[in-house]
Amino acid sequence: MSLTKKAFVAAVLVAAAVFVTAAAADHHGGRSHEHGKLLRANLVGSILSDPPIHARARGGVPWEGSGTASLDRRGRFEFRIRNLVIAGTGSAGPVTTIKVSLFCAPDSNLVAAFTTDSEPLSEDGDAEFKQHVTVPARCLAPVLLVHPNGNTNAYIAASGFTS
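These notes cover the structure that comes with them. Bear in mind that the values here come from a model prediction, so they are computed numbers and not experimental data.

### Side note on the pattern of salt bridges
Part 1 of the argument: This model, assessed by the stated rule, comprises three salt bridges.
Part 2 of the argument: A salt bridge links E78 to R76; the shortest N-O distance between them is 2.5 Å.
Part 3 of the argument: Overall, E78 belongs to the partly exposed group, its relative accessible area being 22%.
Part 4 of the argument: What makes R76 partly exposed here is its relative accessible area of 35%.
Part 5 of the argument: A salt bridge links R82 to E128, with the shortest nitrogen-to-oxygen separation between them at 2.8 Å. A residue pair is termed long-range when its members are at least 10 positions apart, and R82 in strand β4 (residues 76-86) and E128 in strand β8 (residues 127-132) qualify at 46 residues.
Part 6 of the argument: For R82, a relative accessible area of 26% gives the class partly exposed.
Part 7 of the argument: Among the charged side chains, a salt-bridge network with shared partners connects R80, R82 and E128.

Set out below in structure tokens:
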């Protein structure tokens with residue numbers, strides 16, 4: 001193979017490597033810090049048959065809605081929830097603010113690893129925020145609880161899923 005062909009093959013290989021790297025970054029939203037995520041969780045509204053979690057009782061009415069949350073190694077906590085409303089009403093009703101707490105196993109652990117500041121919840125049940133929190137050194141079986149109107153003794157949504 002002549003030097004020109006070798007240079008051409010090398011250029012094609014470099015271009016392919018650049019393309020694959022760019023595509024991988026695009027697949028992750030261009031965020032190169034994805035590897036630093038400690039926690040990714042889906043959130044669902046609580047229902048009347050949900051049990052207490054870390055001694056926090058579920059809300060007094062059923063809630064529907066879903067969301068996501070993530071926590072990275074630097075303490076960046078990102079939270080987004082949509083349509084967290086009282087089931088059948090389409091409204092968040094009297095709940096105008098929420099806090100989110102992270103609990104770690106065992107369930108008898110009553111102290112949250114962190115609790116966010118209060119953030120507004122729209123009438124339509126939407127909230128989105130980013131806060132800096134203290135990351136625990138170790139957290140087994142992490143659970144996120146969404147508290148209504150600053151009441152950290154109750155939850156209206158939790159990490160989990162519905163089928």
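### Remarks on the pairing of strand β3 (residues 63-72)
Part 1 of the argument: Here strand β1 (residues 37-45) pairs with β3 via seven bridges, running antiparallel. Bridge pairing in β3 places A41 opposite A69.
Part 2 of the argument: Pairing of β3 with β4, which is carried by eight bridges, proceeds in the antiparallel orientation. Paired with T68 across the bridge in β4 is R80.
Part 3 of the argument: Once β3 ends, the chain turns through three residues before running back antiparallel as β4, passing G75 with a positive phi of about 95°.

### Looking at the side chain of S101
Part 1 of the argument: Mapping S101 onto the fold places it in strand β5 (residues 97-103).
Part 2 of the argument: For S101, a relative accessible area of 1% corresponds to the buried category.
Part 3 of the argument: Within the structure, S101 has its side chain in polar contact with the side chain of T115 (distance 2.7 Å).
Part 4 of the argument: Here H147 takes part through its side chain, which lies 2.7 Å from a polar atom of the side chain of S101.
Part 5 of the argument: Contacts of S101, omitting those with residues within four sequence positions, involve A112, F114, T115, V143, L144, L145 and H147.

### Here's the deal with the state of the cysteines
Part 1 of the argument: Applying the stated rule across the entire model yields one disulfide.
Part 2 of the argument: Disulfide partner of C104: C139, at an S-S distance of 2.0 Å. Judged by the torsion about the S-S bond (-105°), the C104/C139 disulfide is left-handed. One end of the pair, C104, is in the loop between β5 and β6 (114-115); the other, C139, is in the loop between β8 and β9 (143-148), and 35 residues separate them in sequence.
Part 3 of the argument: Overall, the relative accessible area of 24% leaves C139 in the partly exposed class.

Calculation criteria
Residues numbered from 1 in each chain as written. Predicted model: local features only at pLDDT ≥ 70, side-chain atom pairs only at ≥ 80, totals over all residues. Heavy atoms only, no water. Salt bridge = Lys/Arg side-chain N within 4 Å of Asp/Glu carboxyl O. Buried < 20%, exposed > 50% of the residue type's maximum accessible area, 1.4 Å probe, protein only. Helix = DSSP H or I, 4+ residues; strand = E, 2+ residues; numbered from the N terminus. Pairing = 2+ DSSP bridges. Polar contact = N/O pair within 3.5 Å; in protein donor to acceptor, adjacent residues only side chain to side chain. Contact = heavy atoms within 4.5 Å. Disulfide = S-S within 2.5 Å.

Read these as spatial facts, not as claims about activity.
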